[in-house]
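# Inside the fold
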Amino acid sequence: MSSSKALPSQLVIAAGTYDGVLAGWELTHKKQWKKGKRSSSSSSSEGSSSLELTFATPVHDGSLRCLSLASSTEIGKPGSLLSCGYDEMLRTHDWHKHKTSIGEVRTPSDLGTPTASSFAPPPSSTSTLPSTHCVVGFSNGKIVLYKKRDWSVQHVLGGHEGGVGSLAVHPTGKMALSGGQTDGKLKLWDLTKGRLAYVVKIPPRTTNRQTGKSMFDPVCSLVWSKEGNAYAFCHGSHLTVRDVASGKELLDVDLPSRANQVTLMTSSDATSPYYGNLFVAVACNDGSLPVLAVQNVDADGDEEDEDMTRRAILAIEPVDSPVAGEERFKCIESICDFFVVTANSAGVVSVMNLEGAVRMIMDPNQASEDEDEEDKSENESDDYDNDDDDAEELAVDILQSTRLGSGARITSMAVWCNETVTAEDEDEDIERPGDDESEEEGIEDVEEKSEKGKGTKRKVKEIEVNADAIEKARSLVSQAKKLKKK
């Protein structure tokens with residue numbers, strides 16, 4: 001059963017690499033010319049969407065550590081893009097100027113390397129407030145609050161011992177969470193007053209029995225829910241989701257592998273059976289992509305009982321090898337509803353729909369029954385074994401995939417989208433002028449073979465991409481590396 005929604009009307013993706021290259025993609029929508037008259041039948045219309053590489057250019061000497069997109073004053077347009085590099089430089093970029101850097105700030109040498117960043121307020125579907133400040137964490141543990149207008153320093157916060165691992169600004173822009181690299185602390189900051197508001201200790205990885213000293217995994221990812229009433233973080237293979245008002249742990253589990261990034265998802269459709277429910281997806285180091293329901297659910301689908309079952313599913317299963325290597329998921333970000341963007345170590349950027357995984361989690365029996373009934377009514381004369389195969393539910397639908405060059409090593413990613421979504425099937429065809437012969441020649445085959453990843457099988461190794469796009473990406477990355485050497 002596929003989602004009734006298509007990709008967002010606008011989507012931009014920025015990715016940074018280990019070589020200091022900044023690349024960007026935009027989602028383009030195309031309609032296919034159809035022969036004949038317009039028809040109101042949705043089954044007779046077709047269109048396509050594709051991720052087009054718009055730029056790839058070197059911006060830092062050394063690896064690109066983190067990326068952040070600001071909210072814009074113009075509706076329907078992404079704001080400025082901030083890239084932070086190992087060269088201790090902060091660079092701002094105008095998305096619409098693509099290769100043009102519009103400013104740079106060299107950080108004080110005593111702060112070390114920037115390791116995490118986030119604009120305040122961050123881009124949000126529930127707010128139109130433009131970003132006025134930027135929060136940047138550094139390897140020496142300090143957190144600096146910059147004014148976006150002129151990039152002057154407004155506050156320098158104490159931060160963490162041993163470096164800042166991650167940052168996340170609240171949707172209101174008034175608070176920020178930070179996680180330490182080695183101190184085992186999660187801190188809440190009041191950005192309006194520039195002071196510490198709250199500290200939470202996380203469980204240690206190990207404790208030395210002789211010295212009593214505890215060792216902590218870095219808090220590698222932090223994210224707020226879109227409403228700002230919950231947040232999630234991961235350290236090592238441990239994942240936690242907490243309620244802001246009560247401080248209660250809504251979810252606290254150990255994952256099979258180390259988590260690299262986490263994102264929260266919820267449905268924005270008030271008519272959806274999953275409206276109001278919170279789900280979490282995790283990019284793991286073994287190449288797996290687990291999806292978990294934050295609420296407890298029992299066998300009947302009811303929620304919130306301590307004795308009920310916690311449900312989860314591996315939307316993509318781990319790589320069947322001792323080392324995941326290029327199959328490791330490095331980044332994941334939610335864009336709207338259950339659509340996410342992922343990036344792995346091989347330079348592959350993918351847009352996925354995880355609604356199938358959510359459906360399996362919340363009502364696995366009903367989802368299977370619906371598929372069986374639908375296939376039975378449409379294919380009564382088919383063999384029943386084939387019907388069972390076709391009816392298998394998809395945990396993840398990979399809608400778009402593209403590779404940066406021949407496999408650039410992606411280290412960070414930032415995503416912006418306009419959450420206006422359209423139905424997958426348009427209600428009208430576009431009639432191309434001219435005679436029948438010219439129409440026949442003008443029909444362009446734009447159907448894309450989206451890859452399907454199933455909850456029980458890993459089917460994401462083969463990626464369908466455009467040959468021209470690959471060649472363009474390789475050329476741009478090659479030029480970027482040559483410029484960097486010069």
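Calculation criteria
Numbering of residues starts from 1 in every chain and runs along the sequence as written. Local features are withheld for residues below a pLDDT of 70 in this predicted model, meaning they are given only at 70 or higher, and side-chain atom pairs are given and counted only at 80 or more; totals for whole chains, interfaces and linings count all residues. To obtain the side-chain values, all non-hydrogen atoms of the structure were included, while hydrogens and water were left out. Here a strand is any run of E in DSSP of at least two residues, a helix any run of H or I of at least four, and the numbering for each starts at the N terminus. Exposure is judged per residue with a 1.4 Å probe applied to protein chains only, and the accessible area is read against the type maximum: over 50% gives exposed, under 20% gives buried, and values in between give partly exposed. By definition in these notes, contact holds between two residues if any of their heavy atoms fall within 4.5 Å. Accessible surface area values rest on a Shrake-Rupley calculation with a 1.4 Å probe, where residue burial reflects the displayed protein chains alone. Strand pairing is assigned whenever DSSP detects at least two bridges linking the two strands. Here the axes come from fitting lines to C-alpha atoms, over the contacting stretch only for helices, and the angles between their N-to-C directions go from 0 to 180 degrees. Two rings from Phe, Tyr or Trp (for Trp, the six-membered ring) form a pair when their centres sit within 6.5 Å of each other. Planes less than 30 degrees apart are called stacked, planes more than 60 degrees apart edge-to-face, and all others tilted. Nine residue types can take part in a nonpolar core, namely buried Ala, Val, Leu, Ile, Met, Phe, Trp, Tyr and Cys, and a core is a set of them joined through side-chain atoms within 4.5 Å. Polar contacts, as used here, are pairs of N or O atoms within 3.5 Å; protein pairs need one atom able to donate a hydrogen and one able to accept it. Residues neighboring in sequence count only if both atoms are side-chain atoms. The predictor's confidence in any single residue is recorded as pLDDT, a number from 0 to 100.

### Concerning the overall build of the chain
In terms of regular secondary structure, the chain is built from five helices and 33 strands. The proportion of buried residues among the 486 residues of the chain is 50%. Sequence-distant contacts, at least 24 apart, represent 58% of the contacts inside the chain between residues at least 6 apart. Carbon and sulfur atoms form 44% of the exposed surface of the chain, whose accessible area is close to 23400 Å².

### Brief notes about the sheet that holds strand β15 (residues 185-190)
In space, the four strands of this open sheet follow the order β13-β14-β15-β16, with antiparallel pairing throughout. The outermost strands of the open sheet, each flanked by one partner alone, are β13 (164-169) and β16 (195-201). Across the sheet, the mean angle from the axis of one strand to that of its neighbour is 20°, orientation sign disregarded. Sheet analysis places strand β14 (residues 175-180) next to β15, joined by five bridges and oriented antiparallel. The residue bridging Ser-178 from the neighbouring strand is Lys-187, located in β15.

### Remarks on the packing of aromatic side chains
Scanning all chains against the criterion turns up seven aromatic pairs. Both rings, one in Phe-119 and one in Trp-151, keep their centres 6.4 Å apart while their planes meet at 75°; by these two values the pair is edge-to-face. You can see Phe-119 sitting in strand β9 (residues 114-120) and its partner Trp-151 sitting in the loop between β11 (143-147) and β12 (153-157), a full 32 residues away along the chain. Classification of Phe-119 as buried rests on a relative accessible area of 1%. Given the relative accessible area of 16%, Trp-151 is considered buried. A ring pair is formed by Tyr-274 and Phe-338, whose centres lie 6.3 Å apart and whose planes are at 70°; its orientation type is edge-to-face.

### Observations regarding the nonpolar core
Judged by nonpolar contacts, the single largest core of 26 residues is most densely connected at Leu-11, Ile-13, Trp-25, Ile-335, Val-341 and Val-351. Counting residues per element, the ones that place at least two in this core are β1 (5-17), β2 (21-31), β4 (47-58), β27 (329-336), β28 (339-344), β29 (348-353) and β31 (410-423). In this structure Val-351 touches Leu-7, Leu-11, Ile-13, Leu-51, Ile-335, Val-340, Val-341, Asp-397, Ile-398, Leu-399 and Gln-400, once residues within four positions along its chain are discounted. Phe-279, Ala-283, Leu-289 and Ile-313 belong to the second-largest nonpolar core, a separate cluster that totals 25 residues.

### Structural notes on the side chain of Asn-260
In this fold, Asn-260 is placed in strand β23 (residues 259-265). In terms of polar contacts, Asn-260 uses its side chain to reach the side chain of Asn-285, at 3.1 Å. When neighbours within four sequence positions are excluded, Asn-260 is seen to be in contact with Cys-220, Ser-221, Ala-283, Cys-284, Asn-285, Phe-329 and Lys-330.

### Quick word on the environment of Met-89
Inspection of the secondary structure puts Met-89 in strand β7 (residues 89-93). The buried category is assigned to Met-89, whose relative accessible area is 4%. Taking C-alpha positions, Met-89 is 8.0 Å from Pro-114, a pair spaced 25 residues apart along the chain. Look past the residues within four positions of Met-89 in its chain and what remains in contact with it is His-60, Ser-83, Cys-84, Glu-104, Val-105 and Arg-106.

### Topic: the sheet that holds strand β25 (residues 289-293)
The antiparallel open sheet is built from four strands, whose spatial order is β23-β24-β25-β26. Either end of the sheet is taken by a strand with one partner, and the two such strands are β23 and β26 (312-316). Put simply, the sheet's adjacent strands are angled 25° from each other on average, direction ignored.

### Structural notes on the confidence of the model for the chain
A residue-level look at the chain finds 70% of positions with pLDDT of 70 or above and a mean pLDDT of 78. This stretch, residues 298-305, has a pLDDT under 50; its non-local contacts, to residues over four places away or in other chains, come to 17 contacts.

### Let's talk about helix α1 (residues 355-362)
The buried fraction of α1 is high, at seven of eight residues. The set of residues buried in α1 consists of Gly-356, Ala-357, Val-358, Arg-359, Met-360, Ile-361 and Met-362.

### Section: the side chain of Asn-344
Mapped onto the elements, Asn-344 comes out in strand β28. On the basis of relative accessible area, Asn-344 is assigned to the buried category, the value being 9%. Of note is the side chain of Asn-344, whose polar atom sits 3.0 Å from the backbone nitrogen of Ala-346.

### Here's the deal with the environment of Gly-165
Looking at the secondary structure, you find Gly-165 in strand β13. Discounting residues that sit within four places of it in the chain, Gly-165 has contacts with Ala-116, Gly-179, Gly-180, Gln-181, Val-219 and Cys-220.

### A closer look at the pairing of β25
Along β25, five of the five residues are buried, which leaves the element largely enclosed by surrounding structure. Where burial is concerned, the two faces of β25 agree: the one with Leu-289, Val-291 and Ala-293 and the one with Pro-290 and Leu-292 are both buried. In this structure, strand β24 (residues 279-284) lies alongside β25, joined through three bridges in antiparallel fashion. Bridge pairing in β25 places Ala-281 opposite Val-291. The turn linking β24 back onto β25 is made up of four residues, and Gly-287 within it adopts a positive phi angle of 85°.

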